[in-house]
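# Topology and contacts: notes
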Amino acid sequence: VRTDLIAQPRQVELAGDDTDAVGCFLEYLYTGDYFPKKLPGQRVLETDPAFPNVDESGDQLLKHARVYTVAEKFGVEKLKSLATSKIHCVHSTAKGEIAYARYVYAYTNKEDTSIRAPVANFWATRSHTLRAEAEEEFRSLCLEYPQFGYDVLTRVLDEKLKRENQTKMHPASASGRKRPRHSNV
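Predicted, not measured: the structure shown is a model, and the values here were computed from it. (Residues numbered from 1 in each chain as written. Predicted model: local features only at pLDDT ≥ 70, side-chain atom pairs only at ≥ 80, totals over all residues. Heavy atoms only, no water.)

### Here's the deal with the packing of helix α2 (residues 59-73) against helix α4 (residues 94-107)
To be explicit about the condition: Whenever a helix is involved, its axis is fitted only over the stretch in contact; in every case the axis is a line through C-alpha atoms, and angles between N-to-C directions fall within 0 to 180 degrees. Per the convention used, a helix needs a DSSP run of H or I reaching at least four residues, while a strand needs a run of E reaching at least two, with both numbered from the N terminus. By the definition adopted for this analysis, an angle is roughly parallel if under 35 degrees, roughly antiparallel if over 145, roughly perpendicular if from 65 to 115, and oblique otherwise. What makes a crossing left-handed is the near helix being turned counterclockwise from the far one by less than a right angle; a clockwise turn instead makes it right-handed. We call two residues in contact when some of their heavy atoms are within 4.5 Å.
Here α2 crosses α4 at 15°, and the two axes come no closer than 9 Å. Judged by the inter-axis angle, α2 sits roughly parallel to α4. Two packed elements cross with a definite hand, and for α2 against α4 that hand is right-handed. Where α2 approaches α4, its residues Leu61, Leu62, Ala65, Arg66 and Thr69 are matched on the opposing element by Gly96, Glu97, Ala99, Tyr100, Tyr103 and Tyr107.

Right under this line is the structure:
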């Protein structure tokens, strides 16, 4: 008799995972979704009385990011996709986005572009306005997670290069004059 085939008690270790995220994970396993659900045909979530309409702290973003990391841990791709789609429905502030970016860069794999790329793109396209709202937090995040700073900078520079190439391919139509002509008439 092979002793390695004897049934062992099955256990799933969730000790280090967020309780709410685990609850959402289990809800998803039973129902195919978790609260708050997306409203059909809209980019809006059901109202969750536990959260304000605008996520100033990052708690709403973090809820879905934590569900994403639990789904990643157990290889549930459809739940990862659902959590990502819900993240894009949350209205947040710069400080909320900082908390979310910090979590993503702390708890996801460097190669996981499905969640990291949108974070870097978000900051690259809005950094000029968001940085003013949370400059010290943004600076701290860049120093704490150099990969975040590099990812954002890469996207900013790529966009700049793209604009420069478009300008070279489609230069503004202008006469060859270097200075405007002033008429004395």
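Now, onward.
### Describing helix α1 (residues 19-31)
This is how it is decided: Take the number of residues in a helix, subtract one, and multiply by 1.5 Å to get its expected span. Working definition: with a 1.4 Å probe on protein chains only, accessible area under 20% of the residue-type maximum means buried, over 50% means exposed, and in between means partly exposed. Here, the arc refers to the directions that run from the helix axis to the C-beta atoms. Two N or O atoms form a polar contact when they lie within 3.5 Å of each other; inside protein one atom must be a possible hydrogen donor and the other a possible acceptor, and for residues adjacent in sequence the pair counts only when both atoms belong to side chains.
Relative to the 18 Å expected for 13 residues at 1.5 Å per residue, α1 spans 18 Å between its end C-alpha atoms, a close match to the ideal helical length. All of the buried residues along α1 are Ala21, Val22, Cys24, Phe25 and Tyr28. The arc that holds every buried residue of α1, seen down its axis, measures 160°, which confines them to one face. Of the residues in α1, the exposed ones pointing more than 90 degrees away from the buried face are Thr19, Tyr30 and Thr31. Structurally, α1 contributes buried residues whose contacts are with α2 and α3 (77-87). The N-terminus of α1 is capped by Asp18, whose side-chain oxygen sits 3.2 Å from the backbone nitrogen of Asp20. Just downstream of α1 lies Gly32, where phi reads positive at about 85°.

### Side note on the pattern of salt bridges
Note the following rule: By definition here, a salt bridge exists when the distance from a side-chain nitrogen of Lys or Arg to a carboxyl oxygen of Asp or Glu is within 4 Å.
Scanning the model with the defined rule gives 12 salt bridges in all. For Lys63, the salt bridge identified is with Asp20, shortest N-O distance 4.0 Å. Here Lys63 is found in helix α2, whereas its partner Asp20 is found in helix α1, with 43 residues between them in sequence. Residue Asp20 is classed as partly exposed on the basis of its relative accessible area, which comes to 40%. Close ionic contact of Lys95 with Glu137 constitutes a salt bridge, the shortest N to O distance being 3.4 Å. Pair noted here: Lys95 is in helix α4 and Glu137 is in helix α6 (residues 135-144), with a separation of 42 residues, a long-range link. Among the residues examined, Lys95 registers a relative accessible area of 45% and is labelled partly exposed. Beyond isolated ion pairs, a larger network of salt bridges with shared partners links Asp20, Asp48 and Lys63.

### Notes on the packing of aromatic side chains
Definition in use: For this analysis, a ring pair means two rings from Phe, Tyr or Trp (six-membered ring only for Trp) whose centres lie within 6.5 Å, classed as stacked if their planes differ by under 30 degrees, edge-to-face if by over 60, and tilted for the remaining angles. Placement of a positive charge over a ring is assigned whenever Lys NZ or Arg CZ falls within 6 Å of the ring centre and within 35 degrees of the normal to the ring plane.
Per the counting criterion, the structure on display carries seven aromatic pairs. Through a chain of ring-to-ring contacts, the aromatic side chains of Tyr105, Phe122, Trp123, Phe138 and Phe148 assemble into a single cluster. We note Lys86 situated over the ring of Tyr34; from NZ or CZ to the ring centre the distance is 3.7 Å.

### A few points about the confidence of the model for the protein
Caution applies to low-pLDDT parts of the model: their predicted coordinates are not meant to be read in detail. So the rule is basically this: The score called pLDDT rates the predictor's confidence residue by residue, from a low of 0 to a high of 100.
Chain-level pLDDT for the protein is 87 on average; 88% of the residues reach the 70-or-more range. Mean pLDDT per element in the protein: helix α5 (residues 113-133) is the minimum at 87, and α3 is the maximum at 97.

### Concerning a nonpolar patch on the surface
Condition: What makes a patch is a set of residues exposed beyond 30% relative accessible area and free of salt bridges, joined within 9 Å when like-charged and within 5 Å when nonpolar (Val, Leu, Ile, Met, Phe, Trp, Tyr). Residue exposure ignores everything except the shown protein chains as possible cover, and the areas themselves are Shrake-Rupley values with a 1.4 Å probe.
Side chains of Leu26, Leu29 and Tyr30 sit close together on the surface and give an oily, nonpolar patch of about 380 Å² of accessible area. Structurally, Tyr30 can be placed in helix α1. On the accessibility criterion, Tyr30 (75% relative accessible area) is exposed.

### Some remarks on the nonpolar core
Going by this rule: Grouping buried Ala, Val, Leu, Ile, Met, Phe, Trp, Tyr and Cys residues that are joined through side-chain atoms within 4.5 Å yields what is termed a nonpolar core.
Leu79, Tyr100, Val119, Trp123 and Phe148 are the most contacted members of the largest nonpolar core, which totals 39 residues. Put simply, the parts of the chain that give this core at least two residues each are α1, α2, α3, α4, α5, α6 and α7 (146-169). Here Val119 is in contact with Tyr100, Ala101, Val104, Tyr105 and Phe148, once residues within four sequence places are set aside.

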